[in-house]
Amino acid sequence: VETATAALLDGLKKYQSNYKFYICALNAKGTSDKEILNDGFHFFFITPHFKFLRPRSFWAGFKVFNIIKKIKPDLIHINGNVILGFFALFSKNKKCYTIHGIPKKEKSVWSGKDYAGIWLESILQKFVFNSYKNVIILSNNDKILLKANQRFFIIPNAVREKFLSNNIIINKPKYRILFIGGLTRAKGLDILLNVFEDLHKSYPDYILTLIGDSNDDFISERIGKLQEKFVNKIQVFSKQGADNLIKFYKESVVFVLPSLQENMPISILEAMSQEVPVIASNVGAVNEIIEDRINGFLFQTGNKIELFNKLKFVLDNRNELSELINNAKQKVLYKFSPESISTTYIKTIEQIIT
């Protein structure tokens, strides 16, 4: 959600003469609340104060409600946070809610230490989703969540401007297979690790690079064992900023996202923008981004054999995918740029406000 918001703000800069935008963000690592003006946007960074509470805690919800009373906005846009969406319902201001994730579905595949938080959000989910008259969804995939009397608008995620305007060129040979996301079974990491183990027998030069944070002990242990077995062939990095991510994309021969549950993953759009072939599980709205063998590759969720075969195909034909790569980049430029998404966003909020 943070990445999607950052990309949207890239496009909204040109509308600052007509609108004032206030962004309230939750900061779990901060020690005090902060209010700053940056690049024409007003930011409120909220801390939970109580370290044992999740960033999306009810205490943070009270704080956000007080900010709403202070600003008195023409529109409150809740961006994917169920608990803050709950507190915003007590305001009389016009409001809308963007559905980014579906806690009920996430709960069914969750395997990490934060299960309690997902469980709580899944309880609130139905009430909050049904309480908003105006709902923004990322794709047609989310229509099933809506009631007949709700008005919905489809606004996909955008790719940050930096990913569309960089000119980094990597001349060295590429042997990196890249994954970005939470290092959990919910993201299909056990599937990818098993496939890489089999793939390594025939393609020993390739390196599997995993970028993300882990709270799944099973996956952490599995990665550790494979790192001992395949020395220097499995790399793990914590979350990276945009500049570093671009370098990783540029150095990769393929990007793989084998998730069991997704909505509209931005990592796929970023990889496409960086001219990296994408292989992804056919889940959520992924098939609204990727057309199999046209601008990427889809495989049936959880199907290790299909993932292995498609990954092998990409590695065997890496120099013959220029048309597919170009199709992918053009789709991102046309449909998922900050300019395109922000224009749709402004038209949407004007419909809601008037």
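Please refer to the structure placed before this passage.
Sequence order sets the numbering: in each chain, residues are counted from 1 along the sequence as written. Under the rules for a predicted model, residues below a pLDDT of 70 receive no local features and side-chain atom pairs below 80 are neither given nor counted, while totals for whole chains, interfaces and linings still include all residues. Working from all heavy atoms in the structure, the side-chain values ignore hydrogens and water.

What about the layout of surface pockets?
If a probe the size of a water molecule is rolled over the atoms, the empty space left behind becomes visible.
For step 1, the next point in the chain: Only protein atoms enter the calculation, which uses a 1 Å grid: trapped sets of points that fit a 1.4 Å probe without letting it out are cavities, open sets showing protein on both sides within 12 Å along at least five of seven lines are pockets, and any residue with an atom within 4 Å of a point is a lining residue. Grid points are joined across faces, edges and corners, and a volume is the space filled by probe spheres set on the points. In this model, the second largest pocket occupies a volume close to 320 Å³.
For step 2, the next point in the chain: Lining the second largest pocket are 16 residues, and of these Lys174, Ser252, Glu275, Pro277 and Ile325 lie nearest its centre.
For step 3, the next point in the chain: For this classification, Asp, Glu, Lys and Arg are treated as charged, while Ala, Val, Leu, Ile, Met, Phe, Trp, Tyr, Cys and Pro are nonpolar and the rest, including Gly, are polar. When the residues that make up the lining of the second largest pocket are grouped by side-chain class, the tally is seven nonpolar, four polar and five charged.

Let's talk about the state of the cysteines
For step 1, the next point in the chain: We call a pair of cysteine sulfur atoms a disulfide when they lie within 2.5 Å. All told, the structure shown has zero disulfides when counted by the stated rule.
For step 2, the next point in the chain: Cys24 takes part in no disulfide bond, and the closest cysteine sulfur to it belongs to Cys96, at a distance of 15 Å.
For step 3, the next point in the chain: Only protein chains enter the accessibility calculation, which uses a 1.4 Å probe. A residue is then buried if its area is under 20% of the maximum for its type, exposed if over 50%, and partly exposed in between. Judged by its relative accessible area of 0%, Cys96 falls in the buried class.

Examining the packing of helix H10 (residues 266-273) against helix H12 (residues 322-335)
For step 1, the next point in the chain: Simply put, an axis is a line fit to the C-alpha atoms, just over the touching stretch for a helix, and the angle between two N-to-C directions goes from 0 to 180 degrees. Secondary structure counts use DSSP, requiring at least four H or I residues in a row for a helix and at least two E residues in a row for a strand, with both numbered from the N terminus. Taken N-terminus to C-terminus, the directions of H10 and H12 make an angle of 120°; their axes are 8 Å apart at the nearest point. Two packed elements cross with a definite hand, and for H10 against H12 that hand is left-handed. For the pair H10 and H12, contact is made by Leu269, Met272 and Ser273 and by Ala328, Lys329 and Val332, respectively.
For step 2, the next point in the chain: Of the residues assigned to the contact of H10 with H12, the class counts are four nonpolar, one polar and one charged. What makes a crossing left-handed is the near helix being turned counterclockwise from the far one by less than a right angle; a clockwise turn instead makes it right-handed. Should any heavy atoms of two residues lie within 4.5 Å, those residues are counted as being in contact.

Here we look at the pairing of strand S10 (residues 234-237)
Residues in a regular strand project their side chains so that they alternate between the two faces of the sheet.
For step 1, the next point in the chain: By the bridge criterion, four bridges tie strand S9 (residues 207-211) to S10 in an arrangement that is parallel. Opposite Leu208, over in S10, you have Ile234 as the bridge partner.
For step 2, the next point in the chain: Read from S9 through helix H8 (residues 217-229) to S10, the crossover connection turns out right-handed. Here, any two strands with at least 2 DSSP bridges between them count as paired. Throughout, right-handed denotes a crossover for which the path from the first strand over the helix to the second runs clockwise when the strands point away from the viewer.

Some points on the pairing of strand S3 (residues 41-46)
For step 1, the next point in the chain: The pairing of strand S1 (residues 22-26) with S3 spans five bridges and is parallel. The residue of S3 that forms the bridge with Tyr22 is His42.
For step 2, the next point in the chain: Pairing geometry for strand S2 (residues 34-38) and S3, over five bridges, is antiparallel. Paired with Ile36 across the bridge in S3 is Phe43.
For step 3, the next point in the chain: Following S2, the chain reverses through two residues before pairing antiparallel with S3; Asp39 in that reversal takes a positive phi of roughly 55°.

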